[in-house]
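# Working through the structure, step by step
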Amino acid sequence: MSEPLQHRWSIVNNYLAGITLDRWMKLLAENRVSPAYWHRALFITAAACMNSLAKRKEDKLADEIEKTELAGPPLFILGHWRSGTTHLHNLLALDTKNFAFANTYQVTNPLTFLTTEETNTRRFAKLVPKKRPMDNMAMGFALPQEDEFAPCLDTLKSSYLGISFPRNVEHYDRYLTFEGVPKHETDAWRDSLITFCKKLTWKYGRSLLLKSPSHTARIRHLMDWFPDARFVNIHRHPHEVFLSTRHYWSTAVWFTYLQKPDRSKLDEEILQRYRRVMDAYHEQRPLVPEERFHELTFTELEADPMGCLERIYTQLKIPDFAELKPTFQSYIDQQKSYRKNDFTPLPKDTLDLINRYAQPEFDRWDYDCDP
């Protein structure tokens, strides 16, 4: 028996609402939408028509954007999904003296945000829930968000499209590492990301703080494209990552499906993707000079967020930490009432499966493989 379709009639929390019509038509030519989700496709089509009209206005800035130089080397936050990257991103994004960040509206409207953000964030504010569906973290158009969505919507080359179109997941999963992907496709994705970064620089004039778990598997490419980039990686106990990731697939993912999914092998699919990301990370991590890299654990960030921030600023030689401490402390104090999700303990066979896939992380980071 197939799994009941959760949130079937919802049209909120769908990143594809920021796509343009030509790109949407291409996606539809490559993927058949299940009848159960035709209403979502209709909503996206209507939004895509408006986005295409808005893009004409934004295209007038193309020459000016192309001439824009990045204000400084970006800082990339790395880490597998559900490892604490959002918490770290939110903290570092408070430093608006050194950094600018991409917000939710900008990454989901990458081709139009310069000319539509002020109006549309007011017009469509009710379409964005105040809390994320998979946890209790705040959500909103103005809050920091993953830059992955921007080149995804522009180039249609992202593993995230495999969530919306699960029947074609193998095709889209190639873009997680870009290994084996034709050069012209990789170049198109690179150009899209750089253009998005130039837009943010044109708007803010500061170095960029970028976060996407997918980047954890792309250090080699990022070093090629941004030679002076700095990196912070956060990691978490594999058992906790698995539990939180599976919860994400049981909650947030249902809002974005456009095809009926087969979730019968979900646990193993989660762990296979975990292995791909972590293998790529461990292989490419040595490419980054030590003075431009810092690593921390989720446990450390929970226990001593200020200490973690100070070590990041010291290692990466980011200025003005002392001046920023009151801003960081105010946010940290506000988060003291935050409560993480509680999960049912995992059965032994699932624990054994996780331990088998995550053995390199237990060894490298000295995690205990017992619950």
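In this convention, every chain numbers its residues from 1, walking through the sequence in written order. Local features in a predicted model are, by the rule used here, given only for residues with pLDDT of at least 70; side-chain atom pairs are given and counted only at 80 or more, and totals for whole chains, interfaces and linings are based on all residues. The side-chain quantities take in all heavy atoms of the structure and omit both hydrogens and water.

### Some details on the overall build of the chain
We apply this condition: Labels follow the DSSP assignment, with helices taken as runs of H or I lasting at least four residues and strands as runs of E lasting at least two, numbered in each case from the N terminus. In this treatment the radius of gyration is a C-alpha quantity, and the globule benchmark scales as 2.2 Å times the residue count to the 0.38 power. Per-residue accessibility, obtained with a 1.4 Å probe over protein chains only, is compared with the maximum for each type, and a residue is labelled buried under 20%, exposed over 50%, and partly exposed between these values. What sets the accessible areas is the Shrake-Rupley method with a 1.4 Å probe; for residues, cover comes only from the shown protein chains. Charge counting treats Lys and Arg as positive and Asp and Glu as negative, with His and both chain ends excluded. Here the site of a charge means atom NZ of a Lys, CZ of an Arg, CG of an Asp or CD of a Glu.
Of the regular secondary structure elements, the chain holds 18 helices and five strands. Against the compact-globule benchmark of 21 Å for 371 residues, the chain has a radius of gyration of 20 Å, which places it among compact chains. Its C-alpha atoms give the chain principal-axis dimensions of roughly 55 × 50 × 45 Å. Put simply, the chain has 371 residues, and 57% of those count as buried. When the accessible surface of the chain is totalled, it reaches about 17,300 Å², and 53% of it is carbon and sulfur. Charge separation in the chain, taken as the distance between the mean sites of 50 positive and 50 negative side-chain charges, equals 7 Å.

### Section: the packing of helix α2 (residues 38-58) against helix α6 (residues 113-123)
Convention followed: Simply put, an axis is a line fit to the C-alpha atoms, just over the touching stretch for a helix, and the angle between two N-to-C directions goes from 0 to 180 degrees. Should an angle fall under 35 degrees it is called roughly parallel, over 145 degrees roughly antiparallel, and 65 to 115 degrees roughly perpendicular, with every other angle called oblique. The contact criterion used throughout is that any non-hydrogen atoms of two residues lie within 4.5 Å. Throughout this entry, Asp, Glu, Lys and Arg are counted as charged residues, while Ala, Val, Leu, Ile, Met, Phe, Trp, Tyr, Cys and Pro are counted as nonpolar. The remaining residues, Gly among them, count as polar.
Where α2 meets α6, the axes come as close as 9 Å, and the angle between the chain directions of the two elements is 125°. With respect to α6, the axis of α2 lies oblique. Where α2 approaches α6, its residues Ala 54, Lys 57 and Glu 58 are matched on the opposing element by Phe 113, Leu 114, Thr 115 and Thr 116. Taken together, the residues of the contact of α2 with α6 sort by class into three nonpolar, two polar and two charged.

### Quick notes on the pattern of salt bridges
Using the following cut-off: Any Lys or Arg side-chain nitrogen located within 4 Å of an Asp or Glu carboxyl oxygen qualifies as a salt bridge.
In total, this model carries 25 salt bridges according to the counting rule given. Lys 203 is paired through a salt bridge with Glu 117; the nearest N and O atoms lie 3.9 Å apart. One end of the pair, Lys 203, is in helix α10 (residues 183-204); the other, Glu 117, is in helix α6, with 86 residues separating them in the sequence. Residue class for Lys 203 comes out partly exposed when judged on its relative accessible area of 37%. Exposure remark for Glu 117: the relative accessible area of 12% places this residue in the buried category. Notably, a salt bridge pairs Glu 185 with Arg 174, separated by 3.7 Å at the nearest N-O pair. In this pair, Glu 185 is assigned in helix α10 and Arg 174 in the loop between α9 (169-173) and α10, connecting sequence segments eleven residues apart. Judged by relative accessible area, which is 13%, Glu 185 ranks as buried.

### Points about the pairing of strand β5 (residues 293-297)
Filter applied, for reference: Two strands pair if DSSP finds at least two bridges between them.
Counting buried positions along β5 yields four of five residues, so the element is predominantly enclosed. In the sheet, strand β4 (residues 230-235) pairs with β5 via five bridges, with the strands oriented parallel. By the bridge assignment, Asn 233 is partnered in β5 with Glu 295.

### Re the nonpolar core
Threshold: Nine residue types can take part in a nonpolar core, namely buried Ala, Val, Leu, Ile, Met, Phe, Trp, Tyr and Cys, and a core is a set of them joined through side-chain atoms within 4.5 Å.
One finds Leu 16, Ile 19, Trp 24, Leu 27 and Phe 231 to be the most contacted residues of the largest nonpolar core, which totals 77 residues. If you tally residues by element for this core, the top one is helix α13 (residues 266-284), at seven residues. Those residues within four positions of Phe 231 in sequence are excluded, and the remaining contacts are Leu 75, Phe 76, Leu 78, Leu 222, Met 223, Val 288, Arg 292, Phe 293, His 294 and Leu 316. With 26 residues, the next largest nonpolar core counts Leu 301, Leu 309, Phe 328 and Ile 332 among its residues.

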